[in-house]
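A structural walkthrough
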Amino acid sequence: MARIGEPNPPPDPGVQRQLLAPQGPPRTAVRQQPVSVGRRRSFGDVIGGLAALILLAALVVGVPLALAALIGWPLPHKMPDARFFNSTINASTFTNILAVLVWIAWAQFTACVVVEVVATIRGIGMPGHVPLSGGSQVLARRLVAAVLLITASTASFAPGLSTFGQHSSDPPRPTISVSAGVHVDATIGDVARTADSASHPEAPIPTQPTPGVGARVSGATKFYRVVPPQGRHHDSLWEIAQRHLGDGRRYQEIYELNKDKVQPDGSKLTKASLIRPGWILEMPADAHGGDLVEEPSASTAPATPPATAPATAPNARTESTLTQVAQSLSAIATTAGTGVADGAGQQVLDSSATQPLTPISLVQPHLDAGRAAQSQPPASNQTPFRLPYEILASPLLAAGLLAALGRNRRRQLWNRAFGRRLPVADTQGAGVEEALRLSAEAGEVRFLDRALRELAAAASAAQIPLPAVFAARSNGEGLELLLTEPSPRAPAPWTARADGRAWFIARASVGTMPDATVSPASAPYPGLVSIGVDGAQSRRFLDLEAAAGVICVDGDQTKRRAVLAAIAVELATNAWSDRMTVTLVGFPGDLTPLAPGRIHQVANLGQVLPLIRMEVEERRRALEHTGRESVLSGRLGASSDAVPPHFIISAEPPDPGDSAALADLAHSGNRIGIGCLIAGDVPAAVWHLTVDAAGRLTAPLLDLDVQAHSLPDEQYTAVLELFTATTDWSGVPLGQTAPEAAAIQTRFSVTPTVSVGLLGDLEVTGVGDLEPERRQLVSEALTFLMLHRGGANPTVLASALWPRGVSTEVADAVLTRLGAWLGKAPDGSPNLLRLPDGRVTTGLYVRSDWEMFADLRAVANHDPRFSDPADRDRVLDQTLGLVRGPLLAGRDPGRYGWLAYESVEAEVPAVIADTAVELCGLRLAAGNAEGAVKAVRSGMLASPADEELWRALLRATHATGDTARLEAVVNALWQQTLEMPGDRGLHPKTEALVEELLPTWQAPAMAGG
């Protein structure tokens, strides 16, 4: 457990605050002894620890000494020759061989001891496994733990070393240790109060049991109390099993123990995905550890440290902006005669322009709103959310969905109206988006797409026909295509198997062909879909075209529907296919937003059978007319006569007559570009797939036995919900609430010592040293806190950073590391604070550029002194000067999945764009055309695809009187519209504006039709 340092005593003895950053007590404080909370050490522990110490000394020190004294050097003293191997084997030889083995065993055990001791000292939780250690490491771990019990508990040993290396003149640092190997009723909140009691004797130590404790022991039965949500995340059986049983997949055991039991609120656990705060869950016998959830205590006003400005600012941009704002406010207040001078002689802002404002706490302004929101109890019908495991296990499906979601969001942004932001999905849809962000393997999609297109280009160049592929497998080595007929000749760099039944390409060989050769190539196998993962952890694919007939999927009804949903969604959104039609039969909801150009949805098979019959006949006639046996020959190289494939997927068993008719139509004996995948048992099917209740998909004819990818009903519904939000082009109005003038005044009066740049690539300045390999995770934790200035519960922060679960020790270590990284404020207080209710936040001397942007924008909108155009121009210009690029540009795509739950990604570009448009209008009205262009370009740094910005740029460029420049802007605008799938061409408003400003311009594509 991470240590929580004792804070400086506040001026008011009745006000207490917990701090996370490493720090010492004030010089006037009385030195306190460490306080230990946990099971007391018994006499048996002492005896066991001494025995373990003696045994460790005997094994680590005694064994090598005994070997050296009794046997000596067991190996030959010189390099052996041929005579050595022909010499007689005697007792000495056996003794030396045994001595070598004992030396090896000793070295391995000693390595285990070293690993365990280092892990304990560093406090990293469970150490790494020593290769081939077997029971040696277990024995070493138990002996080391027993030795530690002589003087301290296992979990407190590492914190106890925190004073190592300190000088005698350094102030003492009180530590609080909590025993980790035993079940305790104390939480971090209890520990912190105990520490406070040590420095404030008048504060009594609470005797009531902690209601928020994680795992408890009552007799021989273990229980867990479901913690209330603090923010967006809720507890779930999966996460509880991950923390206390070591495997989230054991959630079913907890469910079975508690199913239908009456809970304190009178309800029952009837569904594994629905648990509520306050429920008491019985745990399996081997459950261990605890969540150590902070106990929310009565809200108390935090201390008010003095607002002393630091001598230097962390970066020039922040310092310059603050200086300009202070000068602007001072000048305006002086002109209006309504400013109020603070203690430093600066003019400060007031809310009414007639009455002065009083200073407020440095901590209170940005915490009240968050505290009010997070302290509310959850609604009784609030459903805890679990990260969808099936989507996490389907990275190619996730990559396709994420790409489709990005296209839809860009289309939304292109149609955004001034003063509105894009809508975001609610909890379930946001959960799916988080899983998509975390699991999508865009690199794997690019590898597969490039490999297949390079195959088509290479085969065309070598005049080798494309092989008839029915399946494929990929792993870390490369991609293997399984062929229906032997084809021993493969174009380089592909290699054919000896029997010609498979072609293989290594990963390193993909991407060696020139782009100009590959880009025009058609997708050779658009019907290839990932089915699941086999026992060798290889991803398996099936080509739906290759059956040349109906493929049926039988077995467990629920799993069958989930498997077909996953296939349909991936097929509709994958990137290794070109033009195609996917007809979905019997799928609930509207899936067309996933791929408007691909998906055609009908209620039953009978509605499309006549069209399929006509299409099959046309395809057969076309193949006969061109003399081709299959559609594969039309997909070689840059061929333009490729026939777009058509795939029919039925989620429910159709009418027997319809399925028989479809089987008769599709059965052609060769590849005509049509694939049919039907639920249920179809007697005339060419391929029969079976899926059981455990999700195992088998097809003996195809040598297929995999754990199938699936999209269960609830996740399917959440995907629909997520994409429904992307069809809302009206957007959501941006809130225009009155600012907290006193809070803004306080923030402007303090120059930050730590600046966090979010508007562009993430930049953090004014911090201490941190190992490069840890910077990414700690920076993400800081970003989360900067976007949740009301504070965040540590469990919420941990679930955001590690959505798949993490131990409490690791999460606490990151918080401690973050506190050390941020350091202290000029007044001596730490920059990372823990509030009385357990939430974590940053102090006022840590500020982000987005927070400054929002404050400046609020001042411009709501203070009457900025109604003058010149003053408003100045403050808006300073506001846009903070923008360096899109929000968190360049971040790791596998992280920041928690942004899916936030509106900030939709709000930030909208607010910046609207600010730029407004400043552009102010400058056009003042006759400053070049300044208007500059304002729009500043906004485009954060939102380059916003249509309102493009229209403002057109008006500003037209005002310069440079026709060639205006034409260049229109052409750039046109090129950008071509990247909007399904919505090409100028928006009607933009088209009308172009016709008004530049009537001679004609779209290049329009000239060609």
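A brief structural summary. Counting restarts for each chain: residues are numbered from 1 in the order of the written sequence. Only residues with pLDDT of at least 70 are given local features in this predicted model, and only at 80 or more are side-chain atom pairs given and counted; all residues enter the totals for whole chains, interfaces and linings. By convention in this description, side-chain values take in all heavy atoms of the structure and omit both hydrogens and water.

Below, the discussion takes up the pattern of salt bridges. Here a salt bridge means any side-chain nitrogen of Lys or Arg lying within 4 Å of a carboxyl oxygen belonging to Asp or Glu. Using the criterion set out here, one finds 45 salt bridges in the structure. Two residues, Arg839 and Asp837, come together in a salt bridge whose shortest N-O distance is 2.7 Å. The partner of Arg872 in a salt bridge is Glu918, and the shortest N-O contact between them spans 2.5 Å. Here Glu918 lies in helix H26 (residues 904–925) and Arg872 lies in helix H25 (residues 869–880), a separation of 46 residues in the sequence. For the purposes of this entry, the term helix denotes a DSSP run of H or I that reaches at least four residues, the term strand denotes a run of E that reaches at least two, and both are numbered from the N terminus.

On to a nonpolar patch on the surface, then. Where nonpolar side chains cluster on the molecular surface, the patch consists of Ile97, Leu98, Leu101 and Ile104 and spans about 400 Å² of accessible area. Note on placement: Ile97 falls in helix H3 (residues 91–122). Using a 1.4 Å probe on the protein chains alone, a residue whose accessible area is under 20% of its type maximum counts as buried, one over 50% counts as exposed, and one in between counts as partly exposed. You can call Ile97 partly exposed: its relative accessible area is 46%. Each patch is built from salt-bridge-free residues with over 30% relative accessible area, joining like charges within 9 Å and nonpolar side chains (Val, Leu, Ile, Met, Phe, Trp, Tyr) within 5 Å. Only the protein chains shown count as cover for residues, and the accessible areas themselves come from Shrake-Rupley with a 1.4 Å probe.

Pairing between strands is defined by DSSP: at least two bridges between them are needed. The sheet built from 3 strands is open, its strands ordered E26-E25-E29 with mixed pairing. Every other strand in the sheet has two partners, leaving strand E26 (763–765) and strand E29 (846–848) as the edge strands with one partner each. Geometrically, the sheet is characterised by an average inter-axis angle of 15 degrees between neighbouring strands, direction not taken into account. Sheet analysis places strand E25 (residues 754–757) next to E26, joined by 3 bridges and oriented antiparallel. Here the axes come from fitting lines to C-alpha atoms, over the contacting stretch only for helices, and the angles between their N-to-C directions go from 0 to 180 degrees.

The subject of this paragraph is the packing of aromatic side chains. Two rings from Phe, Tyr or Trp (for Trp, the six-membered ring) form a pair when their centres sit within 6.5 Å of each other. Planes less than 30 degrees apart are called stacked, planes more than 60 degrees apart edge-to-face, and all others tilted. Evaluated as defined, the whole model comprises 6 aromatic pairs. For the ring pair Trp103 and Trp106, a centre distance of 5.6 Å and an interplane angle of 85 degrees mean the geometry is edge-to-face. Of the two residues, Trp103 and Trp106 are both situated in helix H3; the distance of 3 residues between them amounts to about one turn of the helix. For Trp106, a relative accessible area of 22% gives the class partly exposed. Plain terms: the ring middles of Trp850 and Phe853 are 5.7 Å apart, the flat faces sit at 25 degrees to each other, and that makes the pair stacked.

Here Ala492 and Pro493 are connected by a cis peptide whose omega angle stands at 10 degrees. Tracing the backbone shows Pro493 in the loop between strand E11 (478–483) and strand E12 (495–496). A positive phi angle, near 55 degrees, is found at Gln463, a position not held by glycine. Along the chain, Gln463 falls in the loop between helix H14 (442–462) and strand E10 (469–474). A positive phi angle, near 50 degrees, is found at Ala548, a position not held by glycine.

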